[in-house]
Amino acid sequence: MKKITLISGLALALMAGSNLYAADSLRIGIEAAYPPFASKNDKGEIVGFDYDIGNALCAQMQVKCVWHEVEFDGLIPSLKVKKIDAALSSMTITDERKKSVDFTHKYYFTSSRLVMKKGAVVDDQYQSLVGKTIGVQRATTTDRYATEVLEPKGVKVKRYSNNEEIYMDLASGRVDAIFADTIPLDDFLSMPRGADYAFVGPELKDPKYVGEGAGIAVRKGNSALVGQLNAAIDALRASGEYQKIEGKYFKSDIYGD
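Quick summary incoming for the structure in this document. (Residues numbered from 1 in each chain as written. Predicted model: local features only at pLDDT ≥ 70, side-chain atom pairs only at ≥ 80, totals over all residues. Heavy atoms only, no water.)

**Observations concerning helix α5 (residues 141-150)**
Counted residue by residue, α5 has seven buried out of ten residues, so it is predominantly covered. Within α5, the full set of buried residues consists of T141, T142, D143, Y145, A146, V149 and L150. (Buried < 20%, exposed > 50% of the residue type's maximum accessible area, 1.4 Å probe, protein only. Helix = DSSP H or I, 4+ residues; strand = E, 2+ residues; numbered from the N terminus.)

Structure follows, in structure tokens:
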């Protein structure tokens, strides 16, 4: 009897130590103002690549997706206070963020770039931006680059909650440029509202800022959930479901090498 009790206690200890994720639902935080990854349709429903991928991952893991709409700069704080279990919202995997959360491996990759009025020219050192105002989304990798590289050169930086706000200020002339991830900007340029704008300047691919790609963030130490999500991402790619979802929103492969 003592041996059985000892074995049972050891098994429970091992399960607790592995931080086993065994819930029947997964609370996912998403910013729904970042098309084509996540936005609202005319019915007020969340749509987009991130949303579809999240639902496919939940189906693969056999759990129910419970979506929570959160502003981007509130995603990591929401994880820390356990309002959500995961943040699936085009969050770039960086060493700085790894200090606060754990990540899955990437589920897509994008560089970053500037968009301005057609005809504008920006040199590789950004000297032509001195005195001009660029819009960035707060708490993003482009915000970090703008803070560390562009502001010291004399470029004015205006920070926003989401890209949609920057697009409006770009159209009204309150900012001269938007600096953001290339994929959503490419989507913006393909629309009528982006017809008067174009990519300018160098493409930012420095791993220090663009990281390893976009990953799903979870609370520190939750290795079981990271493992399950990684396995689900790999399963979606192996089955072709990932490519099917990708084809709804993009003309080329965004996963990268």
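**Concerning empty space enclosed by the protein**
Once rolled over the atoms, a probe with the size of a water molecule shows which space is left empty. One pass over the structure, following the stated rule, counts two cavities of 30 Å³ or more. Around the largest cavity, the lining is made up of 15 residues, and of these Y34, S90, Q137, T140 and D181 lie nearest the centre. Contributing elements (two or more residues each) for the lining of the largest cavity: β5 (86-92), α5 and β10 (177-181). Counting residues per element, the lining of the largest cavity draws most heavily on β5, at four residues. Here the residues of the lining of the largest cavity are counted per class, giving four nonpolar, eight polar and three charged. Considering only enclosed or pocket space, the second largest cavity measures out at about 40 Å³ in volume. Counted by class, the lining of the second largest cavity contains two nonpolar, five polar and one charged residues. (1 Å grid on protein atoms, 1.4 Å probe; cavity = no way out; pocket = protein on both sides within 12 Å on 5 of 7 lines; lining within 4 Å. Points joined across faces, edges and corners; volume = space filled by probe spheres on them. Nonpolar A, V, L, I, M, F, W, Y, C, P; charged D, E, K, R; others polar.)

**Examining the nonpolar core**
In this structure, F49, L57, Y107 and Y108 are the most contacted members of the largest nonpolar core, which totals 36 residues. Among the elements of the structure, β1 (25-30), α2 (49-61), β4 (64-69), β5, β12 (214-219), α9 (223-239) and α10 (241-249) are those that each provide at least two residues to this core. Not counting the four nearest positions on each side in its chain, L57 is found in contact with L88, I216, L229, A232, I233 and L236. Counting residues in each nonpolar core, the second largest holds 19 residues, with M116, I134, V136 and V210 among its members. (Core = buried A, V, L, I, M, F, W, Y, C linked by side-chain atoms within 4.5 Å. Contact = heavy atoms within 4.5 Å.)

**Considering the packing of aromatic side chains**
In the structure shown here, the tally under the stated rule is 18 aromatic pairs. Ring geometry for F37 against Y108: centres 4.6 Å apart, planes inclined by 15°, an arrangement best described as stacked. With F37 in the loop between β1 and β2 (39-40) and Y108 in the loop between β6 (101-103) and β7 (112-117), the pair connects residues that are 71 residues apart, well separated along the chain. The class for Y108 is buried, based on a relative accessible area of 1%. For the ring pair Y145 and F179, a centre distance of 5.6 Å and an interplane angle of 55° mean the geometry is tilted. (Phe/Tyr/Trp six-rings, centres within 6.5 Å; stacked < 30°, edge-to-face > 60°.)

**A closer look at the sheet that holds strand β8 (residues 133-137)**
Ordered by their spatial adjacency, five strands build an open sheet running β9-β8-β10-β7-β11, and the pairing between neighbours is mixed. Looking at the sheet topology across the chains shown, the edges are occupied by β9 (156-160) and β11 (197-204). Averaged over neighbouring strand pairs, the angle between their axes works out to 30° when direction is ignored. Relative to β10, β7 runs antiparallel, the two being bridged by four bridges. Bridging across to β10, L114 finds its partner in F179. Where helix α6 (residues 163-172) meets the sheet, its contacts fall on β7, β8, β9, β10 and β11, and the angle it forms with β10 comes to roughly 155°. (Pairing = 2+ DSSP bridges. Axes fitted to C-alpha atoms, helices over the stretch in contact; angles between N-to-C directions.)

**Some words on the side chain of T182**
Tracing the backbone shows T182 in helix α7 (residues 182-189). A distance of 2.8 Å separates polar atoms of two side chains, one belonging to T182 and the other to S111. (Polar contact = N/O pair within 3.5 Å; in protein donor to acceptor, adjacent residues only side chain to side chain.)

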